[in-house]
Amino acid sequence: MGSYFNLFFFALLLLVLGILLVALNLILGPRREHSEKLIPYECGLDPSGDARIPFRIRFYLIAVIFLVFDVEIIFLYPWAVIFEELSWFGLIEISVFVVMLLIAYIYAWSEGALKWE
Amino acid sequence: MGDLIDKLIFLGIAAGSLLVIALLHVAYLTYAERKIIGRMQQRLGPNRVGPRGLLQPIADMVKLLTKEDLVPYGVDKPVFYIAPFISLVCAGTGVALIPIWKKFVLSNINVGILFILALSSLSAYGVILSGWASNSRYALLGGLRASAQVISYEIAMSLALLSVVLMAGSLNLMDIVKAQINSPYKIYLIPQIIAFYVFIISAIAECNRVPFDLPEAETELVAGYFVEYSAMRFAIFYLAEYFGMVVMSALAVTCFLGGWIGPFEIPYIPFFWFLIKLYIILFIYIWVRATLPRYRYDQLMGLGWKVLIPVAIINLFLTAVLKLIF
C-alpha cells in the first residue's frame, strides 16, 4: 500500500465528504422558487449587460512573470536537496542561473511591470 | 488477499480519524476566532448555544444544512458546481502529509513539501473558476484579485521553504523534522528567522486573510468570489479557507518549529507539543486579523514582489554560503 495511495484515499474522502454535505443540503433545504432571487447580487440594482467584463492587462502580466519565477524555483529545489554533495561548485553554478533571472527581474521592475497604480 | 483487506481497513480507520480530528479543528477554529476577536474588541463573542457558546459551530452547520441552495441564472453550471470541491480538496489534502508524531503520518511521500506547494497553487483554480462561473461582477473581480495574489505570494513562500530544504537536505517532511532535532539549534526558527517571517506573511496572504483579504473585501466586493454561492456550497468555501489555515500552520510547525518535539515528554499524549505549537500559530493568525487594517491592492502586490521575494532570495544565498563555511 503506497504512500501515494494513502494520499489519494484521503483526498477522495474529502471529496466524498463535500458531496455528502451538499447532497444532504439538497434534501434538507427548502425550495421556494422565485425569479427575483435568481438575479446576480449587485447591491439591489438590476445588473446590466454581461458580468464577464474585460479586465486589466496587469493580471496577465503578473501571471507571465509568475511563470518564469515558478520554473526557476522548481529548478532550485533539486539543487537544495543535493546541496551537500555539490558544495561550492553547485553554489556558483546556481548563482549564475539566479543572477541571469535577477537581471530579467530588475528589467521587468524598471519597465514598470510590477507597478500597480 | 486477507492481508490487503486488513491494510485497507487500517487505512480507512487512520484516514477517517485524521479527517474527523482535522474537521473538529476547523470547526472550533471558527469558534475560537469569533471568541478571541470578540474579547479583543471588548465583546463577549458567541455565548448562547451550549456552555460558553461551545456548541456554536455545530449549530452553524445545522443552520447551513437547512438553507435553500440557490443557483442564480446565467451561471456556467458545471464549473459553478465543481469549483467548491476543487477548493476543499486542494486545501484539505495537505493534512495527510503532515507528520503529527514520529510514528504517525498518513502519507510519508518523498516530495512532501513540493506536494503541499502544488496543492496550494491548485487551490487558485477553485477561486478563479468560481469567480468566472458566477456571472457576477463582484465575483469576477474577487476571483481575479485572489488568483493574482495567490500566485504572487506563492513565489515568496516557495523561496522561504527552499532555505529549510537546503538546511535539511530533503523534501520529505519527516526527514525535515528529524534533521531539525539532530541539528544544534533543535528548531529551524533560530537560524531561519527571516524565512519564517516571509513564510508566515505569505501564508496569511495565501489563505486570503486580513490584512490581505482583498479578494473578499466586504466593504467593496461584498464577499468576493463566493458572493453567489449559498447554503452548503458557501459553507464548503468557508471550510476550505479554514482548512487552508490549519494546513499552513501545520506546515510552519513542521518546517520551522520542530514538529512533535518539545522541552520534555508528556506521557500518553504524543501529539501534545505539535498541537500546542499549532495553536500558537493559529492564534497569531487571529491576532493579526483583530489588529491590522486591510492593505491597498498596489501595496499588497508591492510587498509580495518588491520586498518578500528579494528578502527570501538573499536569505537563501546567505544560508547556502554560511552552510558551506561552517
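These numbers were taken from a predicted model, which means no experiment stands behind them.

Thresholds, definitions, all that
- Residues numbered from 1 in each chain as written.
- Chains lettered and ligands numbered in written order.
- Predicted model: local features only at pLDDT ≥ 70, side-chain atom pairs only at ≥ 80, totals over all residues.
- Heavy atoms only, no water.
- Helix = DSSP H or I, 4+ residues; strand = E, 2+ residues; numbered from the N terminus.
- Areas by Shrake-Rupley, 256 points an atom, 1.4 Å probe, with all protein chains shown as cover.
- Lys, Arg positive; Asp, Glu negative; His and termini not counted.
- Charge placed at Lys NZ, Arg CZ, Asp CG, Glu CD.
- Rg over C-alpha atoms; globule rule 2.2 N^0.38 Å.
- Contact = heavy atoms within 4.5 Å.
- Axes fitted to C-alpha atoms, helices over the stretch in contact; angles between N-to-C directions.
- Parallel < 35°, antiparallel > 145°, perpendicular 65-115°, else oblique.
- Left-handed = near helix turned anticlockwise from the far one by under 90°.
- Nonpolar A, V, L, I, M, F, W, Y, C, P; charged D, E, K, R; others polar.
- Buried area = accessible area lost by both parts, 1.4 Å probe.
- Salt bridge = Lys/Arg side-chain N within 4 Å of Asp/Glu carboxyl O.
- Polar contact = N/O pair within 3.5 Å; in protein donor to acceptor, adjacent residues only side chain to side chain.
- Buried < 20%, exposed > 50% of the residue type's maximum accessible area, 1.4 Å probe, protein only.
- Phe/Tyr/Trp six-rings, centres within 6.5 Å; stacked < 30°, edge-to-face > 60°.
- Core = buried A, V, L, I, M, F, W, Y, C linked by side-chain atoms within 4.5 Å.
- Domains from an automatic or database assignment.
- Patch = residues over 30% accessible without salt bridge, like charges linked within 9 Å, V, L, I, M, F, W, Y side chains within 5 Å.
- 1 Å grid on protein atoms, 1.4 Å probe; cavity = no way out; pocket = protein on both sides within 12 Å on 5 of 7 lines; lining within 4 Å.
- Points joined across faces, edges and corners; volume = space filled by probe spheres on them.

A.B. asks: Would you mind going over the overall build of chain A with me for this structure?
C.D. replies: Looking only at helices and strands, chain A features three helices and zero strands. Ordering the α and β elements of chain A from the N terminus gives α-α-α. For chain A, the spread of C-alpha atoms along the principal axes amounts to about 70 × 50 × 15 Å. Carbon and sulfur atoms provide 71% of the accessible area of chain A, an area that totals close to 7,600 Å². Across chain A, the mean location of the 7 positive side-chain charges is 15 Å away from that of the 12 negative side-chain charges.

A.B. asks: Even after reading the chapter, I still don't get the overall build of chain B, so can you show me in this structure?
C.D. replies: A tally of helices and strands in chain B yields 11 helices and zero strands. Ordered by position in the sequence, the α and β elements of chain B form the string α-α-α-α-α-α-α-α-α-α-α. Computed over C-alpha atoms, the radius of gyration of chain B comes to 20 Å, within 12% of the 20 Å expected from 2.2 N^0.38 for 326 residues, which places it in the range of a compact globule. A separation threshold of at least 6 residues defines the contact pool for chain B, and within that pool the share at least 24 residues apart is 78%. Chain B carries 24 positive and 18 negative side-chain charges, and their two centres are separated by 8 Å.

A.B. asks: Help me understand the packing of helix 1 (residues 2-40) of chain B against helix 2 (residues 56-65) of chain B in this model?
C.D. replies: Two quantities define a packed helix pair, namely the angle between the helix axes and the distance between the axes. Residues and elements named next belong to chain B. Following both chains from N to C, one finds helix 1 and helix 2 inclined at 115 degrees, their axes separated by 8 Å at the closest point. In terms of orientation, helix 1 lies roughly perpendicular with respect to helix 2. Viewed along their axes, helix 1 and helix 2 form a crossing whose handedness is right-handed. In this structure, helix 1 uses Ala27, Tyr28, Thr30, Tyr31 and Arg34 to contact helix 2, whose residues at the interface are Gln56, Pro57, Ile58 and Asp60. By residue class, the composition of the contact of helix 1 with helix 2 is five nonpolar, two polar and two charged.

A.B. asks: Whenever I open this one, the interface of chain A and chain B confuses me. Can you help?
C.D. replies: You'll often see interface size given as the accessible area lost when the parts meet. Taken together, the contact pairs 68 residues of chain A with 87 residues of chain B. Summing both sides of the interface, chain A and chain B together bury roughly 7,000 Å²; the carbon and sulfur share of this comes to 77%. Taken as a group, Phe10(A), Arg52(A) and Tyr77(A) account for 11% of the area that chain A buries against chain B, more than any other trio of residues on that side. Summed over the shared surface of chain A and chain B, the result is one salt bridge. Where Glu84(A) meets Lys323(B), a salt bridge forms, and the shortest distance between an N and an O atom there is 3.3 Å. Scanning the region where chain A abuts chain B turns up 10 residue pairs in polar contact (both at pLDDT 80 or more). If you list the elements that add at least two residues to the side of chain A that touches chain B, you get helix 1 (3-28), helix 2 (57-81) and helix 3 (83-110) of chain A.

A.B. asks: Just to check I follow, could you spell out helix 6 (residues 173-182) of chain B for this structure?
C.D. replies: The α-helix advances 3.6 residues per turn, and as a result positions three or four apart in sequence lie on the same side. Residue and element names in this part refer to chain B. Taken together, the buried positions of helix 6 are occupied by Leu173, Met174, Ile176, Val177, Ala179 and Gln180. Summarising the contacts, the buried residues of helix 6 are in contact with helix 4 (112-133), helix 5 (137-168) and helix 9 (231-256). The residue sitting at the N-terminus of helix 6 and contributing the capping side-chain oxygen is asparagine 172; that oxygen lies 2.8 Å from the backbone nitrogen of methionine 174.

A.B. asks: What is the right way to look at the packing of aromatic side chains in this model?
C.D. replies: For any two aromatic rings, the description comes down to two numbers: the centre-to-centre distance and the angle of the planes. Residues and elements named next belong to chain B. One pass over the full model with this rule turns up 24 aromatic pairs over all chains. Plain terms: the ring middles of tyrosine 229 and phenylalanine 237 are 4.9 Å apart, the flat faces sit at 75 degrees to each other, and that makes the pair edge-to-face. With a relative accessible area of 2%, phenylalanine 237 lands in the buried category. Arranged with centres 5.8 Å apart and planes meeting at 40 degrees, the rings of phenylalanine 283 and tryptophan 287 form a pair that is tilted. Of this pair, phenylalanine 283 and tryptophan 287 both sit in helix 10 (residues 272-291), four residues apart, roughly one helical turn. Since its relative accessible area comes to 48%, tryptophan 287 is described here as partly exposed. Among the aromatic residues, those joined into a cluster by ring pairs are Phe80, Tyr81, Tyr225, Phe226, Tyr229, Phe234, Phe237, Tyr238 and Tyr242.

A.B. asks: What exactly am I supposed to notice about the nonpolar core here?
C.D. replies: Within the largest apolar cluster, 124 residues are counted, with the highest numbers of intra-cluster contacts made by Trp79(A), Leu159(B), Phe199(B) and Trp305(B). Taken together, domain 1 (1-66) and domain 2 (71-325) of chain B each give at least three residues to this core, which thus spans both. Those residues in contact with Phe199(B) that sit more than four places away from it in its chain are Met157(B), Ala160(B), Leu161(B), Met248(B), Leu251(B), Ala252(B) and Phe256(B). Grouped together as the second largest cluster of nonpolar side chains are 11 residues, Phe80(B), Ala83(B), Ala133(B) and Tyr229(B) included.

A.B. asks: Explain unusual backbone geometry here, please?
C.D. replies: Among all residues save glycine, negative phi is the norm, and among peptide bonds the norm is trans. Phi at Ser87(A) takes a positive value of approximately 55 degrees, unusual for a residue other than glycine. By the element assignment, Ser87(A) lies in helix 3. Despite not being glycine, Asn208(B) shows a phi value in the positive range, around 55 degrees. Looking at where Asn208(B) falls in the secondary structure, it is placed in the loop between helix 7 (193-206) and helix 8 (218-221).

A.B. asks: Sorry if this is basic, but what is going on with the domain arrangement of chain B here?
C.D. replies: All names here are of chain B. Here chain B is described as being made up of domain 1 (1-66) and domain 2 (71-325). Across the boundary between the two partners, domain 1 contributes 19 residues, which contact 25 residues of domain 2. Both sides of the domain 1 and domain 2 interface together cover about 1,900 Å² of buried area, and 88% of this is carbon and sulfur. Looking at the side of domain 1 facing domain 2, the largest losses of area belong to Leu18, Leu29 and Glu33, adding up to 30% of the total buried there.

A.B. asks: Which parts of the structure should I look at to understand a nonpolar patch on the surface?
C.D. replies: Nonpolar side chains collect at one region of the surface, where Trp88(A), Ile92(A), Val96(A), Met100(A), Leu318(B), Val321(B), Leu322(B), Ile325(B) and Phe326(B) lie side by side and expose about 950 Å² of accessible area between them. Assignment of secondary structure puts Ile325(B) in helix 11 (residues 297-325).

A.B. asks: I tried to follow the layout of surface pockets on my own but got confused; where do I start?
C.D. replies: Leftover empty space is mapped by rolling, across the atoms, a probe with the size of a water molecule. When its volume is computed, the largest pocket comes out at roughly 650 Å³. Ala27(B), Thr30(B), Pro57(B), Asp60(B) and Met61(B) are the residues nearest the centre of the largest pocket, which is lined by 25 residues in total. Of all the secondary-structure elements, those providing two or more residues to the lining of the largest pocket are helix 1 of chain A together with helix 1, helix 2 and helix 9 of chain B. Here the lining of the largest pocket takes nine residues from helix 1 of chain B, the largest share from any one element. Counted by class, the lining of the largest pocket contains 18 nonpolar, one polar and six charged residues. Among the domains, domain 1 (1-66) and domain 2 (71-325) of chain B are the pair contributing at least three residues each to the lining of the largest pocket.

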